[in-house]
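Fold and geometry: a report
Single-letter residue listing:
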Amino acid sequence: MENNLTTHSDVEEKIQKYKFNTSYFENPEQLKKDIIEKKVIPHQVEFQPGPLGKKICWLSCPYCYGESAINNAERPSTERLVELLNQIADGGVKKVTFAGWATDPLNSKSIDDLLETALKRKMIFGFNTKPIKVSDRFIDILKHNKIDPQSWISLSIDSGSNEIFNKVHGMKTKAPLYDKVLNNVKRIKDVNMPNRKFDVSAAYLLNKFNSSKKEIEKFIFDFKNAGCNLLRFSFAQPPRGLVDKEQIETVPLVDEKNKIMNEIKDWINSFDSDNCKVLIIDPDSENDIFYKNRTLPCVARFVYPTVGFDGRLYQCSQSAAPNFKDTEIGDLKTKNFWDLYYDYDVSDFIGFFKKSGELIKKSGCRCDRKEHIVNTKISKSGLFE
Ligand code: SF4
């Protein structure tokens, strides 16, 4: 049997991760001490590489948190991105994630070099992607390198057919994008199985277009067979910049979420098995963060700073675009990572977080779930404000 979920604690850890309960720092006291002494090292650094051009993603998801991004023409070269990743590894960062703000990491010409560098440096990697395009070299790199087993690829699928895939991702085309994605996931499976080297999970954001049992069952069948060891059903968060406009049909409000949950929760849970966990969660209701903009004080820049598509260092994954010029940490095209990362003055510790909180508020950012949850732990400690 293909099974990487061998022990109870393995299973529990993975479930907690996908319920956003990972611990990103030891405790608030230690984090505060490390920040003051400039010994803090980020839990992870995120890279959001993107292609040049006006439209930088291959899809047009109406719920995308990057839909409101200002796109400029600044892009770092692949050589510079690789250099930066090496600097980050030299400084002791163990994990790099690849995602996108208004784009997809696999839509970048730099991604193969970045993956290869991460593996050479023995880093844990994570990907958030809708893998419409996966190069042969990408597959080859996964095949021929040793991979830290904590590494993962998280797929965002949200459908079980071409028609619904295109509908929920805002695509007017009839192109068989679901088939394309599924085929790419099977290519990844070929290098990942039978002795699994890394986790592959698939997410399904439920809404009124895709919550029929037929659609869901097809997705579960396809992606279990394509080598996923976790399938996660939840709901989209309202995206930044669009929340005050008319309701987005793919972001269900509380009543609709509850209705979908009541109708299919037990049925979805019945697909759960040892070799592929199947979860359905509503983290916004559980943590009371639906429609909440952000949680302050914010420690993101110390815990998971992000390299934006324009080659600048930003506070977090959700504020990594030129719209957030006022809260950016600096330009990595001309300065080195650690010079920027440690460029802060916390001689007035509380004053520092108060001031940065004011700038952050003005920027109009919107936390994702992990950011709300991490900042809530900080806020509850009372040590940063
Ligand atoms: S989105 Fe959240 S984590 Fe990011 S800068 Fe704003 S408050 Fe901080």
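Scroll up to find the structure this text is about.
The structure displayed is predicted, hence computed values, not measured ones.

The rules behind each value
- Residues numbered from 1 in each chain as written.
- Predicted model: local features only at pLDDT ≥ 70, side-chain atom pairs only at ≥ 80, totals over all residues.
- Heavy atoms only, no water.
- Helix = DSSP H or I, 4+ residues; strand = E, 2+ residues; numbered from the N terminus.
- Rg over C-alpha atoms; globule rule 2.2 N^0.38 Å.
- Buried < 20%, exposed > 50% of the residue type's maximum accessible area, 1.4 Å probe, protein only.
- Contact = heavy atoms within 4.5 Å.
- Areas by Shrake-Rupley, 256 points an atom, 1.4 Å probe, with all protein chains shown as cover.
- Expected span 1.5 Å × (residues − 1).
- 1 Å grid on protein atoms, 1.4 Å probe; cavity = no way out; pocket = protein on both sides within 12 Å on 5 of 7 lines; lining within 4 Å.
- Points joined across faces, edges and corners; volume = space filled by probe spheres on them.
- Nonpolar A, V, L, I, M, F, W, Y, C, P; charged D, E, K, R; others polar.
- Axes fitted to C-alpha atoms, helices over the stretch in contact; angles between N-to-C directions.
- Parallel < 35°, antiparallel > 145°, perpendicular 65-115°, else oblique.
- Polar contact = N/O pair within 3.5 Å; in protein donor to acceptor, adjacent residues only side chain to side chain.
- Salt bridge = Lys/Arg side-chain N within 4 Å of Asp/Glu carboxyl O.
- Pairing = 2+ DSSP bridges.
- Right-handed = clockwise from strand over helix to strand, strands pointing away.

Turning to the overall build of the protein chain, a few remarks are in order. The secondary structure content of the protein chain amounts to 14 helices and 10 strands. In terms of C-alpha radius of gyration, the protein chain reaches 20 Å, essentially the compact-globule figure of 21 Å for 385 residues. Taking the principal axes of its C-alpha atoms as reference, the protein chain extends roughly 60 × 50 × 45 Å. Put simply, the protein chain has 385 residues, and 58% of those count as buried. For the protein chain, the proportion of contacts with a sequence separation of at least 24, taken over those separated by at least 6, is 79%. Summing over all exposed atoms, the protein chain offers an accessible surface of approximately 17,100 Å²; the carbon and sulfur share of this is 49%.

Attention now moves to helix α3 (residues 78–90). In this model, α3 (13 residues) spans 18 Å end to end at C-alpha, consistent with the 18 Å of a helix rising 1.5 Å per residue. Among the residues of α3, Thr78, Arg80, Leu81, Val82, Leu84, Leu85, Gln87, Ile88 and Ala89 are the ones counted as buried. Looking at the buried residues of α3, the elements they touch are β1 (45–47), β2 (95–98), α4 (111–120), β8 (306–307) and α12 (337–341).

Let's shift gears to empty space enclosed by the protein. The tally for this structure, following the rule as stated, stands at three cavities of 30 Å³ or more. In this structure, the largest cavity encloses a volume near 110 Å³. Taken together, 16 residues make up the lining of the largest cavity; nearest its centre are Cys298, Cys316, Ser319, Ile360 and Cys365. Among the residues forming the lining of the largest cavity, the class breakdown is seven nonpolar, six polar and three charged.

Interaxial distance between helix α7 (residues 177–192) and helix α8 (residues 213–225) falls to 9 Å at its minimum, and their mutual angle equals 30°. Taken together, the axes of α7 and α8 lie roughly parallel to each other. Residue-level contacts link Tyr178, Val181, Leu182, Val185 and Lys189 of α7 to Lys218, Phe219, Asp222, Phe223 and Asn225 of α8. Residues belonging to the contact of α7 with α8 are distributed by class as follows: six nonpolar, one polar and three charged.

As a further point, take the side chain of Asp310. For Asp310, the position within the fold is in the loop between β8 and β9 (312–314). In terms of polar contacts, Asp310 uses its side chain to reach the side chain of Tyr314, at 2.6 Å.

The next subject is the pattern of salt bridges. A side chain with one charge can pair with a side chain of the opposite charge if their charged atoms come near. On inspection of all chains with the given rule, the structure shows 19 salt bridges. Glu371 is the salt-bridge partner of Lys370, the closest N and O atoms lying 3.8 Å from each other.

Turning our eyes to something else, we now look at the pairing of strand β3 (residues 124–129). Counting buried residues along β3, five of its six residues qualify, which places the element largely inside the surrounding structure. Bridging between β2 and β3 involves four bridges; their strand directions are parallel. Its bridge partner being in β3, Thr97 is matched across the sheet by Gly126. For the segment spanning β2, α4 and β3, crossover handedness is right-handed. Of the pairings in the sheet, the one linking β3 to strand β4 (residues 152–156) comprises four bridges and is parallel in character. Its bridge partner being in β4, Thr129 is matched across the sheet by Leu155. Chirality of the crossover, the property in question, places the unit of β3, helix α5 (residues 136–144) and β4 among those that are right-handed.

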